[in-house]
Amino acid sequence: LWQQRKLARDAHIGHFLSGSVQHRDGQWRLTTELNESETGKITSRRTVAAGDLFSLADAASRQLREDLGIPAAHLEENPDLPISEMTSADIQAVAS
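Residues numbered from 1 in each chain as written. Predicted model: local features only at pLDDT ≥ 70, side-chain atom pairs only at ≥ 80, totals over all residues. Heavy atoms only, no water.

Trainee: Looking at this model, I keep getting lost on the side chain of Ser37. Mind explaining?
Mentor: Structurally, Ser37 can be placed in the loop between strand E2 (27-36) and strand E3 (42-50). The class of Ser37 is buried, set by a relative accessible area of 2%. For Ser37, the contacting residues outside a window of four places in its chain are Arg5, Ala8, Arg9, Ile13, Gly14, His15 and Phe16. (Helix = DSSP H or I, 4+ residues; strand = E, 2+ residues; numbered from the N terminus. Buried < 20%, exposed > 50% of the residue type's maximum accessible area, 1.4 Å probe, protein only. Contact = heavy atoms within 4.5 Å.)

Laid out in structure tokens, this is it:
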């Protein structure tokens, strides 16, 4: 944690994200912690779950934007493109 905090502070980044991914019973689960770089304080701890990695990443991205305090109106006016639209809907193609 201290290395992440130091790297974020040295790069003048206000927050850093850490977490873990698990796969069990056909469900992917991502648990994240958003930390303030200056203090290391956890500002949010979230868990999102989905049946596929693309949906998991899309859900986590939306939650992170909210946790960073991006106004709801901005989120609605500027939605994230789903990962499958930015890369490929084929997980095998993305993995290679």
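Structure's up, so let's keep going.
Trainee: I would appreciate a short explanation of the sheet that holds E2 in the present structure.
Mentor: Sheets are built from strands that pair by backbone hydrogen bonding, the pairs being arranged parallel or antiparallel. If you walk across this open sheet you meet the three strands as E1-E2-E3, and the pairing is antiparallel. The two strands at the open ends of the sheet, each matched to only one other strand, are strand E1 (15-24) and E3. In this sheet, neighbouring strand axes are inclined to one another by 15 degrees on average, regardless of whether the strands run parallel or antiparallel. Both E1 and E2 contribute to a ladder of ten bridges, which runs antiparallel. (Pairing = 2+ DSSP bridges. Axes fitted to C-alpha atoms, helices over the stretch in contact; angles between N-to-C directions.)

Trainee: What am I meant to see in unusual backbone geometry here?
Mentor: Generally, phi is negative for residues other than glycine and the peptide bonds are trans, each holding for most cases. Here the phi dihedral of His12 falls at roughly 60 degrees; this positive angle occurs in a residue that is not glycine. Here His12 lies in the loop between helix H1 (2-10) and E1.

Trainee: Please explain the environment of Asp58 as it appears in this structure.
Mentor: Along the chain, the position of Asp58 falls in helix H2 (residues 53-67). Judged by relative accessible area, which is 29%, Asp58 ranks as partly exposed. A sequence separation of 23 residues divides Asp58 from Leu81, and the C-alpha atoms of the two residues are 8.4 Å apart. Not counting residues up to four positions away in its chain, the partners in contact with Asp58 are Leu81, Pro82 and Ile83.

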